[in-house]
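Read off the chains here:
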Amino acid sequence: MAGMKQDTGRDLKSLALNLATILFFFLPIVCYLDRPNAWNYVGISGAAIVLSILVPPVGWLRPHPYSDFPNNKPYPRRDD
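Residues numbered from 1 in each chain as written. Predicted model: local features only at pLDDT ≥ 70, side-chain atom pairs only at ≥ 80, totals over all residues. Heavy atoms only, no water.

**Description of a nonpolar patch on the surface**
A surface patch of nonpolar side chains, amounting to about 750 Å² of accessible area, comprises Ile22, Phe25, Phe26, Ile29, Val30, Tyr32 and Leu33. Structurally, Ile29 can be placed in helix α1 (residues 12-33). Residue Ile29 is classed as partly exposed on the basis of its relative accessible area, which comes to 44%. (Patch = residues over 30% accessible without salt bridge, like charges linked within 9 Å, V, L, I, M, F, W, Y side chains within 5 Å. Areas by Shrake-Rupley, 256 points an atom, 1.4 Å probe, with all protein chains shown as cover. Salt bridge = Lys/Arg side-chain N within 4 Å of Asp/Glu carboxyl O. Helix = DSSP H or I, 4+ residues; strand = E, 2+ residues; numbered from the N terminus. Buried < 20%, exposed > 50% of the residue type's maximum accessible area, 1.4 Å probe, protein only.)

**Observations regarding α1**
Helix length check: α1 (22 residues) gives 31 Å between terminal C-alpha atoms against 32 Å at 1.5 Å per residue, within 8%. Its maximal kink placed at Leu27, α1 deviates by approximately 45°, while the proline Pro28 follows within four residues. Lys13, Ser14, Ala16, Leu17, Ala20, Leu27 and Cys31 are the residues of α1 that are buried. On the buried face of α1, the contacting elements are α2 (38-54). (Expected span 1.5 Å × (residues − 1). Bend = angle between axes of the 7 residues up to and from the residue. Contact = heavy atoms within 4.5 Å.)

**Observations regarding α2**
If you check α2, its first and last C-alpha atoms are 25 Å apart, about what 17 residues at 1.5 Å a residue would give, namely 24 Å. Turning to α2, its buried residues are Ala38, Ser45, Ala48 and Ser52. Within α2, the buried residues cover an arc of 90° as seen down the axis, which keeps them to one side. Residues Trp39, Leu51 and Leu54 are exposed on α2 and point more than 90 degrees away from its buried face. (Arc of directions from axis to C-beta.)

**Things to note about the packing of α1 against α2**
Packing of α1 against α2 leaves a shortest axis separation of 9 Å and a crossing angle of 160°. With respect to α2, the axis of α1 lies roughly antiparallel. Judged by the sense of rotation from one axis to the other, the crossing of α1 with α2 is left-handed. Two secondary-structure elements touch here, α1 through Lys13, Ala16, Leu17, Ala20, Leu23, Phe24, Leu27, Val30 and Cys31 and α2 through Ala38, Tyr41, Val42, Ser45, Ala48, Ile49, Ser52 and Ile53. Residue composition of the contact of α1 with α2, by class: 14 nonpolar, 2 polar and 1 charged. (Axes fitted to C-alpha atoms, helices over the stretch in contact; angles between N-to-C directions. Parallel < 35°, antiparallel > 145°, perpendicular 65-115°, else oblique. Left-handed = near helix turned anticlockwise from the far one by under 90°. Nonpolar A, V, L, I, M, F, W, Y, C, P; charged D, E, K, R; others polar.)

**A word on the environment of Ala16**
Positionally, Ala16 belongs in helix α1. Judged by relative accessible area, Ala16 falls into the buried class, the value being 17%.

**With respect to the packing of aromatic side chains**
If you walk through the whole model with that rule in mind, you get 1 aromatic pair. On the numbers, 5.2 Å between centres and 80° between planes, the contact of Phe25 with Phe26 is edge-to-face. The class for Phe26 is partly exposed, based on a relative accessible area of 41%. (Phe/Tyr/Trp six-rings, centres within 6.5 Å; stacked < 30°, edge-to-face > 60°.)

Now the structure itself:
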């Protein structure tokens, strides 16, 4: 077990999903505080969600090593 490498969750898909979730979480607060630009913030949040879905592997699931779907496996790290 000591030599086993852990999946850190720092792949591009996880980072994109985290960013989109943070933007979506703060969206109502920012829209309330800056009403004239509310639709701009909605567009930015929507674009981040679409971008996070399109980042490979395409879909809404986070890649993890024990996935039942072969396309949802994380890419191997360079040191593997």
